[in-house]
Amino acid sequence: TDGSDPRPVTDDDAVDWNPVWSGDGKYLYYASDRQAAASLWRVRIDESTGRTLGQPEPVSGPTAEVLQMDLSGDGRRIVYVTRKQDANLKAIGFDPIKLTTIGDAVPITQGTRPSGSPSLSPDGQWVAFHSLGAAQEDIWLTRADGSGVPINLIGDDAIDRSPRWSPNGQRLVFFSTRTGLSQIWGMNPDGSGMRQLTFAEIGCSSPFW
């Protein structure tokens with residue numbers, strides 16, 4: 001505010017926004033995507049010089065998405081905007097002649113783990129999918145009627161996405177970053193027999209039979 005050159009408070013790859021001073025002027029609170037989902041952070045600052053006095057500290061953790069927020073004068077209350085998303089798989093009856101749905105949607109997966117890219121087995125008994133946007137994105141298998149517990153077929157640190165059934169239901173293909181660039185892999189529905197199918201220099205994704 002004295003007209004001097006601006007000084008960065010954060011200087012990294014994260015996107016930071018909506019800075020708000022604490023009532024005592026000791027901290028700057030802000031929203032940041034440094035833990036993937038937008039969350040609330042703060043950093044201690046010397047108000048007279050604008051210099052930071054430590055590393056950013058998480059306030060809300062990665063489970064509460066914070067988009068905009070403000071603090072009360074005494075620092076005891078925070079108001080914020082958040083967004084909740086239901087990314088579970090659901091099934092609904094369908095009339096292919098009338099092109100209309102039948103009945104209500106039935107949950108296939110439940111809970112807070114988002115799911116994506118569902119692929120129905122040829123016999124209609126199983127659904128393969130990947131854990132969408134999670135810290136660990138794996139390929140899962142679950143009953144199409146929602147019964148039972150989803151089975152993790154991979155369980156590694158690589159990004160594994162977009163499973164697709166073979167026409168005979170004996171194999172699944174998907175893409176994975178397990179060797180660096182994204183490539184197409186195949187495996188049996190129980191997770192065995194894994195084999196890399198493509199070796200493209202620019203990578204591959206979104207396989208279809």
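The following paragraphs examine the structure supplied in this document. (Residues numbered from 1 in each chain as written. Predicted model: local features only at pLDDT ≥ 70, side-chain atom pairs only at ≥ 80, totals over all residues. Heavy atoms only, no water.)

## Quick notes on the packing of aromatic side chains
- Inspection of the entire model under this criterion finds two aromatic pairs.
- A centroid spacing of 6.5 Å and a plane angle of 15° characterise the contact between Phe129 and Trp140, whose relative ring orientation is stacked. Linking Phe129 in strand β10 (residues 126–131) with Trp140 in strand β11 (residues 139–143), this pair joins segments that are eleven residues apart in sequence.
- Classification of Trp140 as buried rests on a relative accessible area of 12%.
- Directly above the ring of Trp41 sits Arg34, whose terminal nitrogen or CZ lies 5.4 Å from the centroid.
- When the ring centre of Tyr27 is taken as origin, the NZ or CZ atom of Arg42, which lies over that ring, is 3.8 Å away. (Phe/Tyr/Trp six-rings, centres within 6.5 Å; stacked < 30°, edge-to-face > 60°. Helix = DSSP H or I, 4+ residues; strand = E, 2+ residues; numbered from the N terminus. Buried < 20%, exposed > 50% of the residue type's maximum accessible area, 1.4 Å probe, protein only. Lys NZ or Arg CZ within 6 Å of the ring centre and 35° of its normal.)

## Here we look at the pairing of strand β14 (residues 172–176)
- With respect to burial, β14 is a largely interior element, five of its five residues being buried.
- The alternating pattern of β14 places Leu172, Phe174 and Ser176 on one face and Val173 and Phe175 on the opposite face, and all of these are buried.
- Where strand β13 (residues 160–165) and β14 come together, four bridges link them in antiparallel fashion. Across the sheet, the residue bridging to Asp160 is Ser176, located in β14.
- Connecting β13 to the next strand, β14, in antiparallel fashion are six residues, including Gly169 with a positive phi near 75°.
- What sits between β14 and strand β15 (residues 183–187) in their antiparallel hairpin is a turn of six residues, with Gly180 showing a positive phi close to 110°. (Pairing = 2+ DSSP bridges.)

## Observations regarding the sheet that holds strand β2 (residues 27–35)
- Strand order in this open sheet of four strands is β1-β2-β3-β4, and the pairing throughout is antiparallel. Of all the strands in the sheet, the pair left with one neighbour each is β1 (16–21) and β4 (57–58).
- Here β2 runs beside strand β3 (residues 37–44); their pairing, made up of seven bridges, is antiparallel. The residue bridging Gln35 from the neighbouring strand is Ala37, located in β3.

## Things to note about the nonpolar core
- By size, the foremost hydrophobic cluster in this structure holds ten residues: Ala128, Ile139, Leu141, Leu153, Ile154, Trp165, Leu172, Phe174, Trp185 and Met187.
- When residues no more than four places from it in sequence are discounted, the contact partners of Leu153 are Ile139, Leu141, Leu172, Met187, Pro189, Asp190 and Gly191.
- Judged by nonpolar contacts, the second largest core, of seven residues, contains Val20, Tyr27, Leu40 and Val66. (Core = buried A, V, L, I, M, F, W, Y, C linked by side-chain atoms within 4.5 Å. Contact = heavy atoms within 4.5 Å.)

## A few points about the side chain of Ser119
- The residue Ser119 is located in strand β9 (residues 115–120) in this model.
- Ser119 has contacts with Trp126, Val127, Ala128, Pro163, Arg164 and Trp165, leaving out every residue within four places of it along the chain.

## Digging into the sheet that holds β15
- Ordered in space as β13-β14-β15-β16, the four strands form an open sheet in which the pairing is antiparallel. In the strand order of this sheet, the two ends are held by β13 and β16 (195–196), each with one partner.

## Section: the pattern of salt bridges
- Enumeration according to the criterion identifies six salt bridges in this entry.
- Between Glu137 and Arg161 there is a salt bridge whose closest N-O contact spans 2.5 Å. Linking Glu137 in the loop between β10 and β11 with Arg161 in strand β13, this pair joins segments that are 24 residues apart in sequence.
- Judged by its relative accessible area of 29%, Arg161 is partly exposed. (Salt bridge = Lys/Arg side-chain N within 4 Å of Asp/Glu carboxyl O.)

## Details of the pairing of β11
- Of all five residues making up β11, four are buried, and the element is well covered by its neighbours.
- Pairing of β10 with β11, which is carried by five bridges, proceeds in the antiparallel orientation. By the bridge assignment, Ala128 is partnered in β11 with Leu141.
- Looking at chain direction, β11 and strand β12 (residues 151–152) are connected through two bridges and run antiparallel. Bridging from a neighbouring strand, Trp140 pairs with Asn152 of β12.

Just geometry here; none of it tells us what the structure is for.
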